[in-house]
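Remarks on the overall topology
Below are the chains, spelled out letter by letter.
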Amino acid sequence: MTTNAKAEKIFARLLDRKGAEYFNLNPWDVLQIPFNASTSAIKKSFFMMSRAIHPDKNQNSVRSNDAFNIANKAYKMLTDEDLKLQCEEILEEADKRIAQYHDELKADGKAPETDPKKLEIQLRRTVSKLFAEVEHHKKHLEGVRQREERRKHEKDTQFMEEINRKREENERWEAGQDIRKQKTLIQIKQRK
C-alpha cells in the first residue's frame, strides 16, 4: 500500500466514519492497538501512523493536520502516566459494565457472549461509550462553569452599577444641598 493510500485509509477511519468524534476519544482505537499494548507497541503504532499522516508528508492538508492531532492526542493519553491511569480506569469500568451485563443475562436465563472476537468488539464499544460519557460530562461541567462565571460577572456588574448609581445620587444630593445652602444664604441676606 502506498503512503498516500495508507494515509487516505487512516484519514477515512479517523475523520470520515460516522461517530468519529466519539470513537477518536478512545486512544486504543485511534492507534489500533490492543488494550494491553506495551509502551514500545504504543510508540511503534504511533510512529508508523504519524509517518503516513504527518502534515509535512501530505502538503500540510487540513485533513492531515486533524488526523495527526487525533493520533498525537491518543499517543499522549497512553504515554503520559496520569492520562494513562485515567484511560485504564475507563477500561476497568468497561470490564465491570460488561460483567454486570453478562450477570444480568445469566439471571434472565440467557447465555452471555463467549466468542472472543465479539467480546473484544463489545469491550471496545463500551470503552468508546465511556470515553464519550466522560467527554460529555467534561463539556457539561465546562458549561456549568461558564454559566456560573457569567452570573458572577453579571452580579459584579450590577453591584458596580448600583455603587455608581448611589455615588451619582449622592453627588446630585450634595450639589443640590450646596444650591439649597446658597439659596438659604441669599434669603437670609435679603431679609436683613
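All of the points below concern the structure found in this document. (Residues numbered from 1 in each chain as written. Predicted model: local features only at pLDDT ≥ 70, side-chain atom pairs only at ≥ 80, totals over all residues. Heavy atoms only, no water.)

**Topic: the pattern of salt bridges**
Heads up, the condition is: Here, a salt bridge means any side-chain nitrogen of Lys or Arg that lies within 4 Å of a carboxyl oxygen of Asp or Glu. Numbering goes from the N terminus for both helices and strands, where a helix is a DSSP run of H or I of at least four residues and a strand is a run of E of at least two. A simple rule labels every residue: compare its accessible area, found with a 1.4 Å probe on the protein chains alone, to the largest value its type can have, and call it buried under 20%, exposed over 50%, or partly exposed in between.
According to the stated counting rule, one finds 14 salt bridges in the structure shown. Residues Arg-97 and Glu-133 are paired through a salt bridge, measuring 3.1 Å at the closest nitrogen-oxygen approach. Here Arg-97 is found in helix α6 (residues 81-107), whereas its partner Glu-133 is found in helix α7 (residues 116-191), with 36 residues between them in sequence. Judged by its relative accessible area of 40%, Glu-133 is partly exposed. Glu-120 is the salt-bridge partner of Arg-124, the closest N and O atoms lying 2.9 Å from each other.

**Overview of the environment of Ala-99**
Mapped onto the elements of the fold, Ala-99 is located in helix α6. Overall, Ala-99 belongs to the partly exposed group, its relative accessible area being 39%. Here the alpha-carbon distance between Ala-99 and Pro-112, two residues 13 residues apart in the chain, equals 9.5 Å.

**Let's talk about the nonpolar core**
For the record, the criterion: The term nonpolar core refers to a set of buried residues drawn from Ala, Val, Leu, Ile, Met, Phe, Trp, Tyr and Cys, joined through side-chain atoms within 4.5 Å. Note on definitions: a residue-residue contact is assigned when non-hydrogen atoms from the two residues lie within 4.5 Å.
Counting residues in each nonpolar core, the largest one holds 34 residues, and the members touching the most others are Trp-28, Leu-31, Ile-53, Val-127 and Phe-131. For this core, the secondary structure elements donating two or more residues are α1 (3-16), α3 (27-31), α4 (39-53), α5 (62-79), α6 and α7. If one sorts the elements of this core by residue count, α5 sits on top with eight residues. Apart from the residues lying within four places of it in its own chain, the contact partners of Ile-53 are Ala-7, Ile-10, Phe-11, Asn-58, Ser-64, Ala-67, Phe-68 and Ala-71.

**Points about α5**
Short version of the rule: To estimate how far a helix should extend, the number of its residues minus one is multiplied by 1.5 Å.
With 18 residues, α5 ought to run about 26 Å at 1.5 Å a step, and its terminal C-alpha atoms sit 26 Å apart, in line with that. Among all positions in α5, only Ser-64, Ala-67, Phe-68, Ile-70, Ala-71, Ala-74, Tyr-75, Met-77 and Leu-78 are buried.

**Remarks on the packing of α5 against α6**
The following threshold applies: Helix axes use the C-alpha atoms of the stretch in contact, all axes being lines fitted to C-alpha atoms, and the angles between their N-to-C directions lie in the range 0 to 180 degrees. Oblique is the label for any angle not under 35 degrees, not over 145, and not in the 65 to 115 range, which are roughly parallel, roughly antiparallel and roughly perpendicular in turn. Side-chain classes are defined by residue name, with Ala, Val, Leu, Ile, Met, Phe, Trp, Tyr, Cys and Pro counting as nonpolar, Asp, Glu, Lys and Arg as charged, and the others, Gly among them, as polar.
Running from amino to carboxyl end, α5 crosses α6 at an angle of 90°, the nearest separation of the two axes being 5 Å. Classified by the interaxial angle, the pair formed by α5 and α6 is roughly perpendicular. Along the contact surface, α5 presents Lys-76, Met-77, Leu-78 and Thr-79, while α6 presents Glu-81, Leu-83, Lys-84 and Cys-87. Among the residues making up the contact of α5 with α6, the classes are represented as four nonpolar, one polar and three charged.

**Observations concerning unusual backbone geometry**
At Gln-32, a position not held by glycine, the phi torsion is positive, near 50°. Note that Gln-32 resides in the loop between α3 and α4.

**Considerations on the packing of α4 against α5**
Running from N to C, α4 and α5 cross one another at 170°; their axes reach a closest spacing of 10 Å. Looking at the two axes, α4 sits roughly antiparallel to α5. Of the residues in α5, those touching α4 at Ile-42, Lys-43, Phe-46, Phe-47, Met-49, Ser-50 and Ile-53 are Ser-64, Ala-67, Phe-68, Ala-71, Asn-72, Tyr-75, Leu-78 and Thr-79. Residue composition of the contact of α4 with α5, by class: 10 nonpolar, four polar and one charged.

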